[in-house]
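Below, each chain spelled out in residue letters.
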Amino acid sequence: MGEAKTGRIFSGVQPTGNLHLGNYLGAIKNWIALQDEFECIYCVVDLHAITVPQEPVILRRAIREVAACLIASGINPEKSILFNQSRVPQHAELAWIFNCVARLGWLNRMTQFKEKAGKNRENATVGLYAYPTLMAADILAYRATHVPVGEDQKQHLELTRDIAAAFNSMFDSEFFPLPEPQIQKTAARVMSLRDGSSKMSKSDISDATRINLTDSADEIAQKIKRAKTDPEPLPSEAKGLEGRPEATNLVGIFSGLSGRPAEDILSEYGGQGFGVFKPVLAELCVSQIAPISLEMNKLLEQPDEIDRLLEKGAAQAQAIAAPILAEVKQLVGFSG
Ligand code: TYM
């Protein structure tokens, strides 16, 4: 990550349910590592959450819970800026300007909209369609240069770069950097524990498909024990994982948790069955994930303290975004 030394990190997560192992290995683990060296801004993206209907009481609680979960995972609000998006009006303001830069054709290509809108496209909100322009605004309101995300966000990052470049060219400036995605080499796409061809996701109706960061040690161990596999033993080389999505996923999770390359893991466990591999994986997962929910529950006993931290983070975020928006308005030709 040396190239980010002079840059600014921005990333976000939606408060739409429990964070899970995919969020953790695909993004949050990296967020934690980056905060020692770089200026990091991490956002609970509640404006994105309302692109699909939300129950206000549940949303309010989820914002706190996700903030607590991030802190419990290792995001330190003394080192990084942590806040929720709706407290910083510059996100929505810049998003509108970007709505007037991005082209329909660019948004029509977004696969996430197609997946989320499903067959009933006519009934999807305009917000769901314009979601990627808000995401571009999140990043560029801070002129962030590096964005640690899972692989599913890559297309949105490409659009962010297109919007930045189009804005720069429209207003004859080099105002916005073209932000780089930072995608992990292993576990960039953690798959469901019940189906190696679909992504681990908060919205899957079956809880057995994911490990939530709020799961107890027992729940984690049980879910790994019951994870779908095939009857073959593990191969001793990565090539042997081809066509075996469930085995690939479990080796990827092992790699993401341990920091060991897949080749290394396979050279140790090659030839062994899942009866040997799964208990080791379960122990590894429990040791890293179970302490998060204990810490999170402690933090949630003091909701006012979480609110205070989010408010402080929002003030810090606004201090960066407000002057940037003022310059954007100058460039666009608004008065004042
Ligand atoms: P969200 O809330 O869906 O997910 C948060 C982060 O977790 C990653 N992720 C995964 N990584 C690996 N395997 C998985 N199964 C998996 N599921 C989720 C996501 O890639 C993401 O990094 N649009 C974003 C939120 C956002 C954002 C931003 C991100 C809004 N504005 C600006 C970066 C910069 C989203 O819905 O993430």
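Before reading on, note that the structure itself is shown above.
These figures come from a predicted structure and were not determined experimentally. (Residues numbered from 1 in each chain as written. Predicted model: local features only at pLDDT ≥ 70, side-chain atom pairs only at ≥ 80, totals over all residues. Heavy atoms only, no water.)

(A) Geometry of the site of the ligand. Taken together, 28 residues lie around the ligand, and Q14, Y131, D138, D152 and V190 are the ones closest in. Between D138 and the ligand, the recorded distance is 2.6 Å, taken from a side-chain N or O atom to a nitrogen atom. Between D152 and the ligand, the recorded distance is 2.4 Å, taken from a side-chain N or O atom to an oxygen atom. The cavity that encloses the ligand is the largest pocket. Those elements that provide at least two residues to the shell around the ligand are β1 (8-13), α1 (21-34) and α7 (126-140). Taken together, the residues of the shell around the ligand break down into 13 nonpolar, 10 polar and five charged. (Near = heavy atom within 4 Å. Polar contact = N/O pair within 3.5 Å; in protein donor to acceptor, adjacent residues only side chain to side chain. 1 Å grid on protein atoms, 1.4 Å probe; cavity = no way out; pocket = protein on both sides within 12 Å on 5 of 7 lines; lining within 4 Å. Sits in = over half its atoms within 2 Å of the grid points. Helix = DSSP H or I, 4+ residues; strand = E, 2+ residues; numbered from the N terminus. Nonpolar A, V, L, I, M, F, W, Y, C, P; charged D, E, K, R; others polar.)

(B) Focus on the side chain of N212. Looking at where N212 falls in the secondary structure, it is placed in the loop between β5 (180-182) and α9 (217-225). At 2.9 Å, the side chain of N212 and the side chain of D207 are in polar contact. Discounting residues that sit within four places of it in the chain, N212 has contacts with N18, L19, H20, D207, K223 and I289. (Contact = heavy atoms within 4.5 Å.)

(C) A look at the packing of aromatic side chains. Per the counting criterion, the structure on display carries 13 aromatic pairs. Ring geometry for W31 and Y42: centres 4.5 Å apart, planes at 5 degrees, overall stacked. On the criterion of sequence distance, the pair formed by W31 in helix α1 and Y42 in strand β2 (residues 39-44) is long-range, its members being 11 residues apart. For the pair shown, W31 and Y42 are each scored as buried. Pairing Y269 with F277 gives two aromatic rings, centres 5.4 Å apart and planes at 75 degrees, and the pair type is edge-to-face. F277 carries the same exposure label as Y269, and that label is buried. Among the aromatic side chains, those forming a connected cluster through ring pairs are F98, F167, F171, F175 and F176. In this structure, R143 is placed above the aromatic ring of F175, and the distance from its NZ or CZ to the ring centre is 4.0 Å. (Phe/Tyr/Trp six-rings, centres within 6.5 Å; stacked < 30°, edge-to-face > 60°. Buried < 20%, exposed > 50% of the residue type's maximum accessible area, 1.4 Å probe, protein only. Lys NZ or Arg CZ within 6 Å of the ring centre and 35° of its normal.)

(D) Structural context of unusual backbone geometry. The phi dihedral of R143 is positive, around 45 degrees, even though this residue is not glycine. On the secondary structure map, R143 appears in the loop between α7 and β4 (146-148). Within the chain, D172 stands out as a residue other than glycine whose phi angle is a positive 50 degrees. The topology assignment puts D172 in the loop between α8 (154-170) and β5.

(E) Structural view of the pairing of β2. Counting buried positions along β2 yields five of six residues, so the element is predominantly enclosed. Relative to strand β3 (residues 81-84), β2 runs parallel, the two sharing four bridges. Looking across to β3, one finds that C43 is bridged to F83. (Pairing = 2+ DSSP bridges.)

(F) Broad picture of α7. For α7, built from 15 residues, the straight-helix expectation of 21 Å at 1.5 Å per residue is met to within 8% by its first-to-last C-alpha distance of 21 Å. Along α7, the largest kink reaches about 45 degrees and is centred on P132. Counting buried positions over the 15 residues of α7 gives 13, a clear majority of the element. (Expected span 1.5 Å × (residues − 1). Bend = angle between axes of the 7 residues up to and from the residue.)

(G) Structural view of the layout of surface pockets. Taken as a whole, the largest pocket encloses approximately 1000 Å³ of empty space. Lining the largest pocket we find 43 residues, and of these Q14, N23, D152, Q153 and K199 sit closest to its centre. Ranked by residues supplied to the lining of the largest pocket, first place goes to α1 with six residues. When the residues that make up the lining of the largest pocket are grouped by side-chain class, the tally is 19 nonpolar, 16 polar and eight charged. (Points joined across faces, edges and corners; volume = space filled by probe spheres on them.)

(H) Quick look at helix α12 (residues 274-300). Compared with an ideal rise of 1.5 Å per residue, which puts 27 residues at 39 Å, α12 spans 37 Å between its outermost C-alpha atoms and is within 8% of the ideal. Its maximal kink placed at V286, α12 deviates by approximately 35 degrees.

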